[in-house]
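Overview (structure and organization)
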Amino acid sequence: AQSVTQPDIHITVSEGASLELRCNYSYGATPYLFWYVQSPGQGLQLLLKYFSGDTLVQGIKGFEAEFKRSQSSFNLRKPSVHWSDAAEYFCAVGARGNTPLVFGKGTRLSVIA
Amino acid sequence: IAGITQAPTSQILAAGRRMTLRCTQDMRHNAMYWYRQDLGLGLRLIHYSNTAGTTGKGEVPDGYSVSRANTDDFPLTLASAVPSQTSVYFCASGAGVRDEQFFGPGTRLTVL
């Protein structure tokens, strides 16, 4: 079965600084990979997804993620963080077949002035 | 506006009571899901349904039941609520099991 680890529970960055959120997955074949964002009191919204092809994926709100098979990682990046990016971020992995997505425990992002 | 609706938005419930959380989607998605979200534990899958008429157990199914009589609705029932079921519950749907999931706004449930 697949699994996903987000090593960082909480990250604080300054507004305008770059951001990288880590995601490591465990799955024997090429997985489907997702990043979601959850603003306080809201449901989850999809930022980006990787199914196949180009390993650098562009998403909404200026986010991107890179699939690295050799490292079993799918890290989320943003070159310049805005205060509105403060939220909880979830990485998810899906397998082929009829197995539902598995979500990581999330990384909470705080943005300071 | 297409999407997922959940009801109620929040509920306080006495232990031992029966409660059904409602979830309706209008995107004609085949797959639907119920998660609970607890601090430090992330999202945990309770039950899911790949298509109308079928359901499956997730990571934390005990104390919960679901039904999928049609494509649009996927209610979650707590037969006899216990305080450990205090949580925020999210319903989600997707075109298929491997596809992007769309989430509802959540139901905050408190069991006293």
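Since this is a predicted model, take the numbers as computed values, not measurements. (Residues numbered from 1 in each chain as written. Chains lettered and ligands numbered in written order. Predicted model: local features only at pLDDT ≥ 70, side-chain atom pairs only at ≥ 80, totals over all residues. Heavy atoms only, no water.)

Residues and elements named next belong to chain A. Side-chain alternation along strand S2 (residues 10-14) places Ile 11 and Val 13 on a buried face and His 10, Thr 12 and Ser 14 on a face that remains uncovered. Where S2 and strand S12 (residues 107-112) come together, five bridges link them in parallel fashion. When the sheet's bridge partners are listed, Val 13 is paired in S12 with Val 111. (Buried < 20%, exposed > 50% of the residue type's maximum accessible area, 1.4 Å probe, protein only. Helix = DSSP H or I, 4+ residues; strand = E, 2+ residues; numbered from the N terminus. Pairing = 2+ DSSP bridges.)

Before going further, it helps to spend a moment on the interface of chain A and chain B. Facing 22 residues of chain A, the contacting portion of chain B comprises 19 residues. Both sides together, the interface formed by chain A and chain B hides about 1600 Å², and carbon and sulfur atoms give 59% of it. Linking chain A with chain B are one salt bridge, by the criterion used here. For B:Glu100, the salt bridge is made with A:Lys49, and the minimal N-O distance between the two is 3.8 Å. (Contact = heavy atoms within 4.5 Å. Buried area = accessible area lost by both parts, 1.4 Å probe. Salt bridge = Lys/Arg side-chain N within 4 Å of Asp/Glu carboxyl O.)

In this structure, the largest pocket encloses a volume near 630 Å³. Taken together, 27 residues form the lining of the largest pocket, with A:Gln38, A:Glu88, A:Phe90, B:Gln37 and B:Leu39 sitting closest to its centre. Looking at the lining of the largest pocket, the elements that each hand over two or more residues are strand S10 (87-94) of chain A together with strand S4 (31-38), strand S9 (87-94) and strand S11 (107-111) of chain B. Among the elements that line the lining of the largest pocket, the one with the most residues is S10(A), at three residues. In terms of residue class, the lining of the largest pocket is made up of nine nonpolar, 13 polar and five charged. If you add up the space inside the second largest pocket, you get close to 350 Å³. In terms of lining residues, the second largest pocket is bounded by 19 residues, among which A:Leu101, A:Val102, A:Phe103, B:Leu45 and B:Glu59 are the most central. (1 Å grid on protein atoms, 1.4 Å probe; cavity = no way out; pocket = protein on both sides within 12 Å on 5 of 7 lines; lining within 4 Å. Points joined across faces, edges and corners; volume = space filled by probe spheres on them. Nonpolar A, V, L, I, M, F, W, Y, C, P; charged D, E, K, R; others polar.)

Next up on the list: the pattern of salt bridges. Residues and elements named next belong to chain A. Evaluated as defined, the whole model comprises eight salt bridges over all chains. Across the pair Asp 85 and Lys 78 runs a salt bridge whose closest N-O atoms are separated by 2.8 Å. Given the relative accessible area of 4%, Asp 85 is considered buried. Assessed through its relative accessible area of 11%, Lys 78 is described here as buried. Each of the salt bridges in this network shares a partner with another, and the network as a whole consists of Glu 64, Glu 66 and Arg 77.

Our focus in this paragraph is the side chain of B:Thr107. The topology assignment puts B:Thr107 in strand S11. Setting aside chain neighbours within four positions, we find B:Thr107 in contact with B:Gln6, B:Ala7, B:Pro8, B:Thr9, B:Leu21, B:Ser87, B:Val88 and B:Tyr89.

By secondary structure assignment, the location of B:Leu41 is in the loop between S4 and strand S5 (42-49). Taking C-alpha positions, B:Leu41 is 12 Å from B:Val60, a pair spaced 19 residues apart along the chain.

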